[in-house]
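The residues making up each chain are set out below.
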Amino acid sequence: MADDDQRLADAQREHWQSTYGAHPEMYGAEPSAPAVHAAEVFRAAGAGEVLELGAGHGRDALYFARQGFAVRATDFSAAGLEQLRTAARRQDVAARITTQVHDVRTPLPLPDASVDAVFAHMLLCMALSTEEIRSAVAEVRRVLRPGGTFVYTVRHTGDAHYGAGVAHGDDIYEHGGFAVHFFPRHLVDLLADGWQLDEVHAFAEGALPRRLWRVTQTLPRVTHTLPGVTRTLP
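Values in this document were obtained by computation on a predicted structure and should not be read as measured data.

Novice: An account of the overall build of the protein chain is needed here, citing residue identities and associated values.
Specialist: A tally of helices and strands in the protein chain yields six helices and 12 strands. By the burial criterion, 47% of the 234 residues in the protein chain qualify as buried. Accessible surface for the protein chain amounts to roughly 10700 Å². Of this, 52% is attributable to carbon and sulfur atoms.

Take a look at the structure:
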């Protein structure tokens with residue numbers, strides 16, 4: 001990681017940590033609309049285990065647990081995850097949730113093909129370079145079981161804040177201390193290479209409003225039919 005990228009990453013980690021400390025449950029207790037949609041998709045696919053990247057204080061992880069999924073929630077903010085664990089005990093779903101402090105810039109601490117589904121609400125559009133985003137999605141692919149589903153959301157270049165604020169390069173702009181990597185459409189296609197791209201759904205969220213895409217993609221099932229020959233099934 002370049003020095004400038006490392007400084008930005010460190011500053012963002014400190015900013016999120018202090019923000020969660022100053023504003024407990026800052027996004028409220030209700031799940032996000034993408035999480036509600038993802039739970040339906042995961043259930044239809046027969047998923048039992050969900051990995052959430054960038055879980056924050058846990059409103060979506062808690063929702064997945066209430067829906068009966070086993071949830072592994074990761075975030076680089078220990079303060080956010082502590083709030084998640086407290087809420088899980090209060091809602092009597094602690095037995096279905098495990099948490100781990102993890103920076104998405106590093107490999108996931110999970111074995112290959114070990115989870116059924118992955119969810120990430122606005123995690124990939126944090127202060128990550130394009131290469132870091134590609135590496136993160138490669139890690140998602142590694143830990144998903146064949147046929148597993150990945151649902152993620154990102155702010156895109158049609159957002160009102162794109163091109164404004166402090167520019168950090170690579171389509172990253174900072175507003176109010178929060179740095180965002182705004183996605184061009186071709187980046188979605190790049191991240192779906194080798195996957196089945198099921199949906200790219202445009203939606204708005206918040207008061208600005210923020211403009212986002214909700215992306216659903218599935219890891220193909222691969223079966224060996226002849227020595228040295230593979231056949232990919234949807």
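Novice: Could you give an account of the packing of aromatic side chains, naming the residues involved and the relevant values?
Specialist: The final tally for this structure, using the stated rule, is 10 aromatic pairs. Their ring planes at 80° and their centres at 5.2 Å tell us that Phe64 and Phe119 sit as a pair that is edge-to-face. One end of the pair, Phe64, is in helix H3 (residues 59–66); the other, Phe119, is in strand E4 (residues 115–121), and 55 residues separate them in sequence. For Phe64, a relative accessible area of 0% gives the class buried. A relative accessible area of 0% places Phe119 in the buried class. Seen in terms of ring centroids, Tyr173 and Phe182 are 6.4 Å apart; in terms of plane orientation they differ by 55°. Their pairing is tilted. Counting every residue linked through ring pairs, the aromatic cluster contains Phe42, Tyr63, Phe64, Phe69 and Phe119.

Novice: Describe H3, naming the residues involved and giving the relevant values.
Specialist: The buried fraction of H3 amounts to seven of the eight residues, a majority that puts the element mostly inside the structure. Those residues of H3 not exposed but buried are Arg59, Asp60, Ala61, Leu62, Tyr63, Phe64 and Ala65. Lining the buried residues of H3 we find helix H2 (33–44), strand E1 (49–53), strand E2 (70–75), helix H4 (78–90), strand E3 (97–101) and E4. Of the residues flanking the end of H3, it is Gly68, one or two places downstream, whose phi is positive at about 100°.

Parameters and conventions
- Residues numbered from 1 in each chain as written.
- Predicted model: local features only at pLDDT ≥ 70, side-chain atom pairs only at ≥ 80, totals over all residues.
- Heavy atoms only, no water.
- Helix = DSSP H or I, 4+ residues; strand = E, 2+ residues; numbered from the N terminus.
- Buried < 20%, exposed > 50% of the residue type's maximum accessible area, 1.4 Å probe, protein only.
- Areas by Shrake-Rupley, 256 points an atom, 1.4 Å probe, with all protein chains shown as cover.
- Phe/Tyr/Trp six-rings, centres within 6.5 Å; stacked < 30°, edge-to-face > 60°.
- Contact = heavy atoms within 4.5 Å.

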